[in-house]
Amino acid sequence: MKKKSYKIKETLSNALELPKDLILDVAKVTLVGNNSVTVENHKGILEYNENQIRVNTCGGVLIVIGTKLNIKSIIQEEITITGEINSIGY
Amino acid sequence: MIIIRLWNFFRGYAIIIVEGLKIERFINMAISNGIYIWDIKKQSYTSISAKIGLENFGRMREIVRRTDCTIEIKEKRGLPFMWKNLKRHKLFAASVLILIVTIYIMCSYIWMIEVVGTKNIDPKTVLEIVNNEGLKEGVRKSQFDKHSIENRVLIKMSTLSWVGIQIRGTKATIEVVEKREEPELISKQDSCDIVASKSGIINKILVLNGDGVVKDGDTVKKGQVLVTGTIIRENTETRLVHSLAQITARTWYEDAEEMELQQIEYKETGREATHYMLKVLNKEIGLKKSVPYSEYNETREEKNIISFGDYIFPVKLISNKFQELVKVPKTLTIEQAKKRCEERLDERLKLQLSENAVVLDKKIVYYEEKKSVKAKITVEILEEIGMKKRIDGK
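Small disclaimer: the values here were computed from a predicted structure and weren't measured.

Caption draft 1: Representation of unusual backbone geometry in the model. All names here are of chain A. Its identity as a non-glycine residue notwithstanding, N41 has a phi of 60°, on the positive side. Take N41: it is sitting in the loop between strand 2 (36-40) and strand 3 (42-48). Here K68, not a glycine, exhibits a phi torsion of approximately 50°, which is positive. Within the secondary structure, K68 is located in strand 5 (residues 60-74). Classification of K68 as exposed rests on a count of 12 C-beta atoms within 10 Å.

Following this line, the structure appears as structure tokens:
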């Protein structure tokens, strides 16, 4: 049932060319250089270390790996991580 | 970002240290409760430091309890806490406030007046008139009208052609331009005679326009007509013309000087004393000490102590320096006295000579007396003596 509604939404957003992060509730990750990453539409943090931050999102767990990672700001919709970022992955 | 930081500063915030095993859960719960946390840093394996708004602090207790964390305030920052601190140090806060207000008030007064651009006029006379018009040291900037003072000073001092008052900081600069004394100009259309400005013997007379009355070698007196502009010819009507002529004449100048042989000179002994005083507004503060010497030279210096660029405040340090002098009686030889006489006579002669005068001959005669030497100087000068004078009455 859930999968079905997701597919409908996806085809709808494709057909109408609407931004997917709004309709599908998926995370939008913005990386600025290698020292700041912003994750929109997150579902909370799972792990926080100086070298690794795991952020829960709709499409899976986003892993940010780097050194001296700080959470610059965190609110319901958005999290900004600063520090030296080496890799981002799911 | 600076706006958010400023906002936080005004609202006040705390730096907290959270310790526990479920720190991630703590953060998640905080945000889901709508508590804004920022600048989260890992402190150690089980603790973080973060910043949190003051108004949210009370709501943290519930989360702390449910996540088994301990919370500790490390530092309180922002305006509300500074305000609290100030309340505790009321005297300090009040004195800072008074200082700021005093400086602000002082800045709106004039504390220094300077006169610029005077050549022959004494700056003090200008200053006096300006003072009378209402621009004094210690007057408020808003209390006088610059332009009306400028105008009134111009009216009162006919020797000035322009007055400008500039106010920069607490200093008023009065710029003046003096009128140049111009001789009465006689236009070419007006008829005029040429008269002698000094007595003497005509050396050379070159008449360009008008009728010459005197010849080379004539002795003339001051004010005598040399070239007349009234031309009388037979069979024609009398005409009036604008006379033009170059007239050089030999003139004499005499002067005398006396020099006493017994002179008293003052010499510095090298000993000196300096007295310091403070001058606030126009009042001098400090002990008036007596000068320890009977004969002395006094040099007075005033210095502004407090000034920020153009903002000068009326606190001055006055240093009076007294240099002890000692009387030394000195007897001049006749030669020395003669030399001094000559120097003085020469100085006075220089002031008397006009620009294009040539000294032809200079004679000094000395009369030696018992206690003094007298000198008499006679100088023969070649100079222009022609001076135009309007023919009146017609």
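Caption draft 2: Region of the structure containing the sheet that holds strand 10 (residues 211-212) of chain B. Residues and elements named next belong to chain B. One open sheet holds the 4 strands; their spatial order is 10-12-8-24, and the pairing between them is antiparallel. Each edge of the sheet is formed by a strand with only one pairing partner; in this case those strands are strand 10 and strand 24 (386-390). Across 2 bridges, the pairing between strand 10 and strand 12 (residues 225-228) is antiparallel. By the bridge assignment for strand 12, G212 is matched with V227.

Caption draft 3: Representation of the environment of E295 of chain B. All names here are of chain B. Structurally, E295 can be placed in the loop between strand 17 (283-285) and strand 18 (296-304). With 13 C-beta atoms counted inside 10 Å, the residue E295 sits in the partly exposed group. Not counting chain neighbours up to four residues away, the residues in contact with E295 comprise Y266, L325, V326 and K327.

Caption draft 4: Here's a closer look at the environment of S44 of chain B. Position of S44 of chain B among the secondary structure elements: in strand 2 (residues 37-44). Along the primary structure S44 of chain B and E19 of chain B are separated by 25 residues, whereas in three dimensions their C-alpha atoms are 9.0 Å apart.

How each quantity is defined
- Residues numbered from 1 in each chain as written.
- Chains lettered and ligands numbered in written order.
- Predicted model: local features only at pLDDT ≥ 70, side-chain atom pairs only at ≥ 80, totals over all residues.
- Helix = DSSP H or I, 4+ residues; strand = E, 2+ residues; numbered from the N terminus.
- Buried ≥ 20, exposed ≤ 12 C-beta atoms within 10 Å, placed from the backbone.
- Pairing = 2+ DSSP bridges.
- Contact = placed C-beta atoms within 7 Å.

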